[in-house]
Amino acid sequence: MASSAASRNGAPRGGGGARSLAGGNLRSSSYKSRPSQLPGSTLRRSSTGSFAAAGDDGVPGRVRVAVRLRPRNAEEMVADADFADCVEVQPELKRLKLRKNNWDSDTYEFDEVLTEFASQKRVYEVVAKPVVESVLDGYNGTVMAYGQTGTGKTFTVGHLGDGDTASRGIMVRAMEDILADVAPETDSVSVSYLQLYMEAIQDLLDPTNDNISIVEDPKTGDVSLPGATLLEIRDQQSFVELLSIGEAHRIAANTKLNTESSRSHAILMVHVKRSVVSQDDTLSIENGNSSHFVKPLRPLIRKSKLVLVDLAGSERVHKSGSEGHMLEEAKSINLSLSALGKCINALAENCAHVPVRDSKLTRLLKDSFGGTARTSLIVTIGPSPRHRGETASTIQFGQRAMKVENMLKIKEEFDYKSLSRKLEIQVDKLIAENERQQKAYEYELERMNQEAQNRIAEVERNFAEALEKERLKCQMEYMESVKKLEEKMLTNQRKVINLQDQVVSVSDEVAEVRKLLQNETQRRKASEEEVNKLNTRMGQLMQSEAGGDGEILRIHQLLEVETQKKKKLEEEVMILKSQLLQLSYEADQSRRYMERVGSGNGLNGTDSPSVNNGEKAPVGTLFEQVGLHQILSYLESEDANVQIHAVKVLANLAAEEANQEKIVEAGGLTSLLMLLRKFEDETVRRVAAGAIANLAMNETNQELIMTQGGITLLTMTAADAEDPQTLRMVAGAIANLCGNDKLQMKLKSEGGIKALLGMVRCGHADVLSQVARGIANFAKCESRAATQGTKNGRSLLIDDGALPWIVQNANNEAAPIRRHIELALCHLAQHEVNAKEMISGGALWELVRISHDCSREDIRSLARRTLNSSPTFRSEMRRLRID
Ligand code: ADP
Ligand code: MG
């Protein structure tokens with residue numbers, strides 16, 4: 001029942017290609033097919049036979065023709081016993097050979113060739129079933145049997161199969177299929193059963209009605225027989241009964257008319273009316289994307305007609321009876337059959353005029369041949385060589401019929417006006433939609449255009465702004481630096497004036513202090529004389545023993561007071577001396593500074609803290625006056641003031657290269673290191689670290705510092721101190737140590753590099769500069785050792801994690817830092833074992849930058865040389881396409 005439902009909804013059946021192709025053309029009113037040049041030769045076969053698949057090769061409308069060979073009957077068995085059959089069938093090739101004589105035969109091709117063994121079922125499926133299905137789909141269909149009397153037309157078409165179900169003919173089987181497919185509630189099937197004899201149409205269902213006229217609709221050209229009985233069929237049983245009644249009536253009528261059934265044409269007309277609910281396919285086909293429109297549902301009545309014709313014997317066309325009624329009869333039979341033959345010939349030749357009106361049969365079958373129906377013709381032949389001629393003409397008829405094309409039309413009734421209205425509405429909707437889309441498209445285009453322009457404008461604006469900003473920045477920077485330089489010049493000028501004043505005041509102070517000192521010295525001398533005097537007096541007293549114990553005690557006390565006084569005075573003298581020393585030193589420094597400023601070197605600073613390599617200064621004189629040992633002893637004074645002065649004096653002395661050896665010899669270095677260890681006072685510590693830094697410029701001292709555990713003390717200070725100046729001194733000291741080839745390993749193992757790196761935390765440029773200097777020194781020693789072959793492994797700097805800081809500060813804006821780091825990178829890069837780490841740490845980029853951008857030509861070329869001499873760097877640069 002599934003196929004029934006599908007059919008009712010107007011969907012084409014899935015079976016034959018012909019049907020689906022026809023279905024696709026239903027609404028385009030007609031489809032004219034072309035016959036193939038070699039009928040059957042290019043046909044595709046379905047499981048049931050070639051008729052079913054007829055449409056696949058593009059000729060759905062052509063009349064399909066099958067030939068069926070009847071087995072020899074009892075009479076032929078005897079009569080033709082000595083003769084071979086006049087036909088030979090080749091069903092697999094769809095060919096039939098008609099023997100002309102013993103050595104020659106003609107070959108014909110048909111849409112289907114059915115042998116004498118072909119079953120009724122197979123004949124139905126091959127010949128009629130596609131037509132029946134087509135009728136169920138709403139087309140008109142015709143199946144006709146043509147052939148000589150006794151060749152099996154009635155057996156093929158009309159056999160009821162009373163005794164043997166397997167022998168049921170096309171009529172019975174067709175109705176069975178139709179009834180199985182229609183829905184009794186909505187569809188109806190009704191039949192008329194007629195006989196055409198001597199150009200009169202008799203109603204086989206009502207024998208009294210023997211002259212039914214054919215009515216043609218002038219508009220549609222549809223042929224109908226309004227006078228014929230039309231009985232609705234509800235079940236198969238009643239249909240078979242109806243057929244046998246019709247058959248009985250036919251026999252009775254023939255008896256009455258004194259004729260044989262073989263001389264009349266029997267016509268069964270089956271009218272099928274089906275309701276289908278269809279969505280308007282036309283719209284969906286024409287408007288491929290109309291999903292947003294609601295398709296109108298259209299209730300339709302689909303009317304179709306199946307005409308099954310058992311034609312009169314074809315021999316009558318050629319062999320007329322002798323006389324009288326027979327002659328008349330022969331003429332009439334002749335008339336209809338020969339008119340059919342003529343029409344088929346005309347259609348086969350594509351003639352403009354087809355003589356349809358010449359006979360009742362051709363008028364009835366008007367739309368079966370060259371009309372709008374799907375038509376199958378089964379041509380029946382017998383095997384007997386005695387009827388060779390008859391068989392040949394039958395075959396010829398079939399061959400001509402194969403050339404006839406039909407136009408397929410589905411008949412549906414519906415309201416054209418409302419359809420037209422609906423279509424107009426849809427068209428309007430489509431136009432509106434189209435307009436909307438067009439507008440939206442234009443708007444979108446405009447918007448995109450605007451957006452693009454906005455973007456371009458924005459980019460231009462941003463670019464201009466950035467340019468302006470950059471320009472302003474440059475201008476500002478330029479002005480800033482000009483301003484700074486001017487300020488510096490001004491301060492320098494002011495300083496020069498101040499220093500001149502200071503020198504005057506310091507000289508005054510020195511004179512004053514000298515005077516004080518002289519006074520103090522005199523006082524001391526006086527005190528000493530007094531003490532001497534007292535001593536002599538005591539000796540006298542002790543000699544005379546006359547003074548007594550009380551006097552001695554008093555004198556002792558006096559002596560003690562005097563000793564205390566003396567000590568105090570001595571300390572004061574020391575302080576004064578150290579102050580003098582300091583002042584002298586400062587004056588000395590000022591003098592030199594002025595000299596430098598005067599000679600244009602005012603801005604030329606130096607990295608090394610408080611380096612003083614001038615000639616022997618007045619401080620030296622003081623140093624001689626006071627005595628180094630005395631100064632060192634004051635370092636351990638309880639008085640912080642004394643201690644600070646002493647360390648300052650010592651630091652100033654250490655700044656003089658000439659004094660350094662003496663200081664170290666006298667144990668000054670040890671004392672200074674002790675001060676670092678104690679770190680009670682930040683000033684003491686800073687000054688001590690500065691002094692150590694100065695001493696650390698000398699190679700011998702560097703080793704001494706290391707052996708005396710100086711690096712540990714410096715490391716501790718580096719970790720602990722917060723004052724940038726202290727850190728600068730400590731970093732300077734370590735940086736100096738870093739320049740010693742012999743100390744590399746020890747420096748690393750005692751945490752020197754880590755301490756150096758740790759001090760960058762304070763961020764002060766002076767400290768960073770010292771750190772960078774230390775790293776550069778270290779890297780330089782390493783590269784030297786690598787060149788000499790005394791060092792193989794990776795840089796200890798890289799091991800201690802210095803690389804990230806190096807890379808990060810390689811382009812530091814402070815020139816001294818940048819220079820040291822640029823040199824450090826070049827040194828590191830000279831040793832191939834460092835290359836991998838340097839690449840992954842980003843140092844390669846910095847080296848490349850240095851080789852291009854460094855303002856110093858020597859560093860630039862050093863970087864270039866270094867990069868070129870390293871295979872690892874070279875290959876990485878090639879990979880990164882850096883030239
Ligand atoms: P027609 O209608 O062409 O005059 P019939 O259908 O009356 O021929 O057939 C004549 C005889 O041959 C009948 O007895 C019929 O049963 C028999 N006959 C015809 N075709 C076949 C066939 N294919 N197989 C067996 N018997 C057949
Ligand atoms: Mg017959």
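In every chain, residue numbers begin from 1 and rise along the written sequence. All chains are assigned letters beginning with A, and all ligands numbers beginning with 1, in the order in which they are written. The predicted nature of this model means local features are confined to residues of pLDDT at least 70 and side-chain atom pairs, given and counted, to a pLDDT of 80 or more, with totals for whole chains, interfaces and linings taken over all residues. Working from all heavy atoms in the structure, the side-chain values ignore hydrogens and water.

Under the annotation held in an unreviewed UniProt entry, the protein carries the name Kinesin-like protein and is attributed to Linum tenue. UniProt positions are given in the numbering used here, feature names are shortened, and annotations may be inferred rather than shown by experiment. As stated in UniProt under Subcellular location (unreviewed entry), the record for the protein gives "Cytoplasm, Cytoskeleton". One UniProt comment on the protein, placed under Subunit (unreviewed entry), says "Interacts (via C-terminus) with NEK5."

(A) Layout of the overall build of the protein. When helices and strands are counted, the protein shows 33 helices and 15 strands. With a 1.4 Å probe rolled over the protein chains alone, any residue whose accessible area is under 20% of its type maximum counts as buried; one over 50% counts as exposed, and the rest are partly exposed. Within the protein, the proportion of its 883 residues that are buried is 47%. Summarising the internal contacts of the protein: among those between residues at least 6 apart in sequence, 72% fall at separations of at least 24. Accessible surface area values rest on a Shrake-Rupley calculation with a 1.4 Å probe, where residue burial reflects the displayed protein chains alone. Accessible surface, the protein: about 44,800 Å² in total, of which carbon and sulfur atoms supply 53%. By definition, any uninterrupted DSSP run of H or I lasting at least four residues is a helix, any uninterrupted run of E lasting at least two residues is a strand, and each is numbered from the N terminus. Two residues form a contact once any of their heavy atoms are found within 4.5 Å.

(B) Structural detail: unusual backbone geometry. Here the phi dihedral of Lys 94 falls at roughly 55°; this positive angle occurs in a residue that is not glycine. Along the polypeptide, Lys 94 turns up in the loop between β2 (87-90) and β3 (95-99). Residue Lys 94 is classed as buried on the basis of its relative accessible area, which comes to 2%. Even without a glycine there, the phi angle at Met 198 is positive, about 50°. Along the chain, the position of Met 198 falls in the loop between β7 (188-197) and β8 (200-203).

(C) How the structure looks around helix α17 (residues 640-654). To estimate how far a helix should reach, multiply one less than its number of residues by 1.5 Å. Taking 1.5 Å per residue as the helical rise, α17 with its 15 residues ought to reach 21 Å, and the 21 Å between its terminal C-alpha atoms agrees with that figure. In terms of residue burial, α17 counts as a mostly covered element, since 12 of its 15 residues are buried. Buried residues of α17: Val 642, Gln 643, Ile 644, His 645, Ala 646, Val 647, Val 649, Leu 650, Ala 651, Asn 652, Leu 653 and Ala 654, and no others.

(D) Highlighting the packing of helix α22 (residues 710-720) against helix α23 (residues 724-738). Helix axes use the C-alpha atoms of the stretch in contact, all axes being lines fitted to C-alpha atoms, and the angles between their N-to-C directions lie in the range 0 to 180 degrees. Across the interface, α22 lies against α23 with an axial gap of 10 Å and an inter-helix angle of 145°. With respect to the hand of their crossing, α22 and α23 are arranged in left-handed fashion. From α22, Ile 711, Leu 714, Thr 717 and Ala 718 reach across to α23, where they touch Thr 726, Leu 727, Val 730, Ala 733, Ile 734 and Leu 737. Charged means Asp, Glu, Lys or Arg here, nonpolar means Ala, Val, Leu, Ile, Met, Phe, Trp, Tyr, Cys or Pro, and polar covers whatever is left, Gly included. Its residues assigned to classes, the contact of α22 with α23 comprises eight nonpolar, two polar and no charged. Here a crossing is taken to be left-handed if its near helix is turned anticlockwise relative to the far helix by less than a right angle, and right-handed if that turn runs clockwise.

(E) Geometry of the site of ligand 1. Put simply, a residue is near a molecule or strand once any heavy atom of it comes within 4 Å of that molecule or strand. Around ligand 1, the structure places Arg 68, Arg 70, Pro 71, Gln 148, Thr 149, Gly 150, Thr 151, Gly 152, Lys 153, Thr 154 and Phe 155. Residues adjacent in sequence count toward polar contacts only when both atoms are side-chain atoms; beyond that, a polar contact is any pair of N or O atoms within 3.5 Å, and within protein one must be able to donate a hydrogen and the other to accept it. Between ligand 1 and Gly 150 there is a distance of 2.6 Å, counted from an oxygen atom to a backbone nitrogen or oxygen. Between ligand 1 and Thr 154 there is a distance of 2.7 Å, counted from an oxygen atom to a side-chain nitrogen or oxygen. Contact with the protein chains covers 63% of the free accessible surface of ligand 1, which is 550 Å². In terms of residue count, helix α5 (residues 153-157) provides more of the shell around ligand 1 than any other element does, three residues in total.

(F) A look at the pattern of salt bridges. Between Lys or Arg on one side and Asp or Glu on the other, a salt bridge is scored when a side-chain nitrogen of the former is within 4 Å of a carboxyl oxygen of the latter. Scanning the model with the defined rule gives 46 salt bridges in all. For Glu 468, the salt bridge identified is with Arg 471, shortest N-O distance 2.8 Å. One end of the pair is Glu 468 and the other is Arg 471, both in helix α13 (residues 416-544) and three residues apart, which spans about a single turn. By relative accessible area, Glu 468 is classed as partly exposed at 36%. Across the pair Arg 860 and Glu 857 runs a salt bridge, and its minimum N-O distance is 2.5 Å. In this pair, Arg 860 and Glu 857 are both assigned in helix α32 (residues 857-869), three residues apart and thus about one turn of the helix distant.

(G) Expanded view of the pairing of β7. Within β7, nine of the 10 residues are buried, which leaves it mostly tucked inside the rest of the structure. We call two strands paired when DSSP finds no fewer than two bridges between them. Judged from the two bridges that link them, β7 and strand β11 (residues 231-232) form a sheet pairing that is antiparallel. In the strand pairing of β11, Val 191 is matched with Leu 231. As defined by bridge partners, β7 adjoins β8 across four bridges and the pair is classed as antiparallel. By the bridge assignment, Gln 195 is partnered in β8 with Gln 202.

(H) Highlighting the pairing of strand β4 (residues 105-109). Bridge analysis of β3 against β4 gives five bridges, and the strand direction is antiparallel. Across the sheet, Arg 95 pairs through a bridge with Glu 109, a residue of β4. The turn linking β3 back onto β4 is made up of five residues.

(I) Layout of the packing of helix α20 (residues 682-695) against α23. Their axes nearest at 8 Å, the elements α20 and α23 cross at an angle of 25°. By the angle between their directions, the pair α20 and α23 is classed as roughly parallel. Along this stretch, α20 crosses α23, giving a crossing that reads as left-handed. Within the contact between the two elements, α20 uses Glu 682, Arg 686, Ala 689, Gly 690 and Ala 693 and α23 uses Gln 725, Thr 726, Met 729, Val 730, Gly 732, Ala 733 and Asn 736. When the residues that make up the contact of α20 with α23 are grouped by side-chain class, the tally is five nonpolar, five polar and two charged. For classification purposes, an angle smaller than 35 degrees is called roughly parallel, one larger than 145 roughly antiparallel, one from 65 to 115 roughly perpendicular, and anything else oblique.

(J) Up close: the sheet that holds β4. Strand order in the open sheet made by the three strands is β2-β3-β4, with antiparallel pairing throughout. Single-partner strands in this sheet number two, and they are β2 and β4. Geometrically, the sheet is characterised by an average inter-axis angle of 20° between neighbouring strands, direction not taken into account.

(K) Structural detail: helix α4 (residues 120-136). Throughout, the bend at a residue refers to the angle made by two axes, fitted to the seven residues ending there and to the seven starting there. If you look at α4, its biggest bend is around 55°, right at Ala 128, and the proline Pro 130 turns up within four residues after that. Most of α4 is tucked away: 14 of the 17 residues are buried. Backbone geometry just after α4 places Gly 138 at a positive phi near 110°.

(L) Quick look at the confidence of the model for the protein. Confidence of the predictor in every single residue is expressed as pLDDT, which spans 0 to 100. The share of residues in the protein with pLDDT of 70 or more is 80%, and the mean pLDDT across the chain is 80. The spread of mean pLDDT over the elements of the protein runs between helix α2 (residues 17-24), the lowest at 28, and helix α6 (residues 170-181), the highest at 97. A low-confidence stretch, residues 1-59 (pLDDT under 50), is modelled with 147 contacts involving residues beyond four sequence positions or located in other chains. Predicted confidence is poor over residues 281-292, with pLDDT under 50, and the contacts of this stretch with residues over four places away or in other chains come to 11 contacts.

(M) Summary view of the side chain of Arg 860. A distance of 2.7 Å separates the side chain of Arg 860 from the backbone oxygen of Cys 854, its partner in a polar contact. Within the structure, the side chain of Arg 860 is placed 2.5 Å from the side chain of Glu 857, a separation counted as a polar contact. In contact with Arg 860, other than residues within four places in its own chain, are Ile 850, Ser 851, His 852, Asp 853, Cys 854 and Ser 855.

(N) Quick look at the nonpolar core. Grouping buried Ala, Val, Leu, Ile, Met, Phe, Trp, Tyr and Cys residues that are joined through side-chain atoms within 4.5 Å yields what is termed a nonpolar core. With 94 residues, the main nonpolar core has Leu 672, Ile 734, Leu 737, Met 759, Ile 775, Leu 825 and Met 838 as its most contacted residues. Counting residues per element, this core draws most heavily on α17, at nine residues. Apart from residues no more than four positions distant in its own chain, Leu 825 is found in contact with Ile 806, Ala 810, Met 838, Ala 843, Glu 846, Leu 847 and Ile 850. In this structure, Leu 98, Leu 311, Leu 337 and Leu 347 belong to the second largest nonpolar core, which totals 44 residues.

(O) View of the environment of Thr 156. On the secondary structure map, Thr 156 appears in helix α5. For the pair Thr 156 and Lys 121, spaced 35 residues apart in the sequence, the C-alpha separation amounts to 10.0 Å. When near neighbours in sequence (up to four residues on either side) are disregarded, Thr 156 contacts Arg 68, Gln 120, Val 123, Gly 169, Ile 170, Ile 378 and Thr 380. Here Arg 68 takes part through its side chain, which lies 2.9 Å from a polar atom of the side chain of Thr 156.

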